[in-house]
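Residue-level structure breakdown
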Amino acid sequence: MADRLYVFDTTLRDGEQVPGCQLNTVEKIQVAQALEELGVDVIEAGFPVSSPGDFRSVVEISKAVTWPAICALTRSVQKDIDAAAEALQYAKRKRIHTGIGTSDYHIKYKFNSNREEIIERAVAATKYARNLVDDVEFYCEDAGRTENEYLARVVEAVIAAGATVVNIPDTTGYCLPQEYGAKIKYLMEHVQNIDKAILSTHCHNDLGMATANTMAGVLNGARQVEVTINGVGERAGNTALEEVAMILRCHKGIGIDTQINSRKIISMSRLVSNLMNMPVQANKAIVGRNAFAHSSGIHQDGVLKNIQTYEIINPKDVGIEDNSIVLTARSGRAALKHRMHALGVELDEEQLNVVYQRFLDLADKKKEVKDDDLLALAGVDTSANHHIQLDYLQVTSGKGPRPVACISLLVGGERFEATASGNGPVDAAIKALKNIIHREMTLQEFTIQAINKGSDDMGKVHMQVMYDGNIYYGFGANTDIVVASVEAYIDAINKFVDKK
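Residues numbered from 1 in each chain as written. Predicted model: local features only at pLDDT ≥ 70, side-chain atom pairs only at ≥ 80, totals over all residues. Heavy atoms only, no water.

- The protein chain carries the name 2-isopropylmalate synthase in an unreviewed UniProt entry, which gives Candidatus Enterocola intestinipullorum as its organism.
- What UniProt records for the protein chain under Pathway (unreviewed entry) is the sentence "Amino-acid biosynthesis; L-leucine biosynthesis; L-leucine from 3-methyl-2-oxobutanoate: step 1/4." (UniProt positions renumbered as here; feature names shortened; annotations may be inferred.)

This is the structure we're talking about:
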């Protein structure tokens, strides 16, 4: 029987710290329920003291999820721990995740403190949290750069104070796999009461070694891994859940496994990508669109003869199923909804109607509507109740005269039209838009991403717009990149117009 590895998912906390990827409470509940179906053991639902929104999300996720433990993050501060305990009041299984920096960098520059005082604060926080809940996890922030002997003292002290799990984060993604593995091994061998707690990995990907470091930790005794879907997270991201789960499935000789339902990995990946408007890179392990693609003639020949020649994972094991439904302009809503469900996208009737109209427009323009096209369509905000909506856009562009754009917007149901010229078709269209929407807005970032190959394919546009000192994120998708750009700009504007 395989040794048990616990999966601690922090997509909704550490993963959601990516700029522009914030989710509302309803979206977080959707992700949490999908994580429960996926089979994770712990869901880190947020940092309750940080904002009313985070507090509310932890409360609602606690109500919506049944068997995974719900975890709330805190600092080693009493008010943080009180807020976490209150937010977790409805959780069937609750965990408080408290901690403090233990590296000399943090002790000296962040806390202006000393090693002994840090241990005292760590013990006090652990004891206080343990009086409120039965399950307390302690994190030693920047453990990757903490001297091992001192780290062992901290770990031993917090376990004695009541910690049931101790997190050993490589916060900066600095460690080499052999260094991180040796650190876990040192703790397993030198912490006298280590049998009373579980060691956990939490590795960042700054140097591209998050998964390698996590596996090194597991091989040396860690029995919890802290991960995110698609590896999302601050800076270069976190360890990807799907990578660890499938490494252990492929290497059965290790004798360690998770309770992850691997057939739900692809739908889970696409759900998070869609809700966060964060595309998965094509060559991403396990969940990238090229993960099971073979373009080399030699590879194709080998796969046709025996799939194991070039594939170590059966695509069906991660949820990639052959589907006989071919979507064309003649397909109905039921076929579209079925395919969206297979892709992990759930649409209510209003959303389905809007996406279906977009689908028909796209199907008339393309010979083949692919899964990535459908996900792009679903990623566009389908709310028909926005204050500002694009009604009409025509752009004249080419070599010669400056491009000219004519635009019509519905603002609160009233139609407004404007014309402007610019340095390019997108610039002209946005200037025309600004002639209607008189706000002091600045375009901070403008990113275009092609979905597939070919001149008729969908393009995604992500924008950052600054207004009144705040950054707002917009998203658009269309076969016409100018239309996608304008829709992204309008999406960003609606973020601050709709909330007034």
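1. Thoughts on the pattern of salt bridges
- Enumeration over the complete set of coordinates arrives at 25 salt bridges.
- One salt bridge in this structure joins Glu 37 and Lys 264, with 3.9 Å as the shortest N-O distance. Placement of Glu 37 in helix H1 (residues 25-38) and of Lys 264 in the loop between strand S10 (256-257) and helix H10 (265-276) is noted, with a sequence separation of 227 residues between them.
- Here Glu 37 falls in the exposed class, since its relative accessible area comes to 52%.
- Residue class for Lys 264 comes out partly exposed when judged on its relative accessible area of 31%.
- Between Asp 491 and Lys 495 there is a salt bridge, with the nearest N and O atoms lying 3.6 Å from each other. (Salt bridge = Lys/Arg side-chain N within 4 Å of Asp/Glu carboxyl O. Helix = DSSP H or I, 4+ residues; strand = E, 2+ residues; numbered from the N terminus. Buried < 20%, exposed > 50% of the residue type's maximum accessible area, 1.4 Å probe, protein only.)

2. So, the pairing of strand S6 (residues 135-141)
- In terms of burial, S6 is a largely internal element, six of the seven residues being buried.
- Taken together, the seven bridges between strand S5 (residues 94-101) and S6 define a ladder with parallel strand orientation. In the strand pairing of S6, Arg 95 is matched with Asp 135.
- In this sheet, strand S7 (residues 165-170) lies alongside S6 in parallel orientation, the contact comprising three bridges. Its bridge partner being in S7, Glu 137 is matched across the sheet by Val 165.
- For the crossover from S6 across helix H6 (residues 148-160) to S7, the handedness is right-handed. (Pairing = 2+ DSSP bridges. Right-handed = clockwise from strand over helix to strand, strands pointing away.)

3. Regarding the packing of helix H8 (residues 210-219) against helix H9 (residues 241-250)
- Close contact between H8 and H9 brings their axes to 10 Å; oriented N to C, the two are set at 50°. The angle between H8 and H9 places the two elements in the oblique class. The crossing of H8 and H9 is right-handed. Judged by residue contacts, Thr 211, Thr 214 and Met 215 of H8 engage Glu 243, Val 244, Ile 247 and Leu 248 from H9. (Axes fitted to C-alpha atoms, helices over the stretch in contact; angles between N-to-C directions. Parallel < 35°, antiparallel > 145°, perpendicular 65-115°, else oblique. Left-handed = near helix turned anticlockwise from the far one by under 90°. Contact = heavy atoms within 4.5 Å.)

4. Let's talk about the packing of helix H15 (residues 425-436) against helix H16 (residues 481-497)
- Close contact between H15 and H16 brings their axes to 9 Å; oriented N to C, the two are set at 35°. The two elements H15 and H16 meet at a crossing, and its hand is right-handed. Contact with H15, carried on its side by Pro 425, Val 426, Ala 429, Ile 430, Leu 433 and Lys 434, involves Val 482, Ser 485, Val 486, Tyr 489, Ile 490 and Ile 493 of H16 and no other residues of that element.
- Residue composition of the contact of H15 with H16, by class: ten nonpolar, one polar and one charged. (Nonpolar A, V, L, I, M, F, W, Y, C, P; charged D, E, K, R; others polar.)

5. Some words on the packing of aromatic side chains
- This structure, assessed with the given rule, holds four aromatic pairs.
- Geometrically, the ring pair formed by Phe 138 and Tyr 139 is stacked, given 6.4 Å between the ring centres and 25° between the ring planes.
- Among the residues examined, Tyr 139 registers a relative accessible area of 12% and is labelled buried.
- Positioned above the aromatic ring of Tyr 90, the side-chain terminus of Lys 63 is 4.7 Å from the ring centre.
- In this structure, Arg 145 is placed above the aromatic ring of Tyr 105, and the distance from its NZ or CZ to the ring centre is 4.1 Å. (Phe/Tyr/Trp six-rings, centres within 6.5 Å; stacked < 30°, edge-to-face > 60°. Lys NZ or Arg CZ within 6 Å of the ring centre and 35° of its normal.)

6. Notes on H8
- Where burial is concerned, most of H8 is hidden: eight out of the ten residues are buried.
- All of the buried residues along H8 are Ala 210, Thr 211, Asn 213, Thr 214, Met 215, Ala 216, Gly 217 and Val 218.
- On its buried face, H8 sits against S7, helix H7 (177-190), strand S8 (198-203), strand S9 (224-227), H9 and S10.
- Backbone geometry just after H8 places Gly 221 at a positive phi near 125°.

7. Some words on the UniProt feature "binding site: Mn(2+)" (unreviewed entry) in the protein chain
- As annotated in UniProt, the feature "binding site: Mn(2+)" (unreviewed entry) corresponds to Asp 14, His 202, His 204 and Asn 238 in the numbering used here. Sequence-wise these annotated residues cover 225 residues; spatially they are packed, their C-alpha atoms never more than 10.4 Å apart.
- In this structure, Asp 14 sits in the loop between strand S2 (6-9) and H1.
- Here Asp 14 is in contact with His 202, His 204, Gly 233, Glu 234 and Asn 238, once residues within four sequence places are set aside.
- A polar atom in the side chain of Asn 238 sits 3.1 Å from the side chain of Asp 14. (Polar contact = N/O pair within 3.5 Å; in protein donor to acceptor, adjacent residues only side chain to side chain.)

8. Considerations on the sheet that holds S6
- Taking strand neighbours around the barrel as the criterion, the eight strands line up as S2-S3-S4-S5-S6-S7-S8-S9 in a closed arrangement whose pairing is parallel. Averaged over all neighbouring strand pairs, the angle between strand axes comes to 25°, with direction disregarded.
- Bridge analysis of strand S3 (residues 42-46) against strand S4 (residues 69-73) gives four bridges, and the strand direction is parallel. Paired with Glu 44 across the bridge in S4 is Cys 71.

9. So, the nonpolar core
- Core analysis: the biggest nonpolar cluster contains 56 residues, and Leu 38 and Met 268 have the highest contact counts within it.
- Ranked by the residues each element gives to this core, the list is headed by H10, at seven residues.
- Setting aside residues up to four positions removed in sequence, Leu 38 forms contacts with Ile 229, Leu 241, Gln 259, Ile 260, Asn 261, Lys 264, Ile 265 and Met 268.
- Ranked by size, the runner-up nonpolar core spans 33 residues in total, among them Ala 428, Ala 432, Ile 437 and Ala 484. (Core = buried A, V, L, I, M, F, W, Y, C linked by side-chain atoms within 4.5 Å.)

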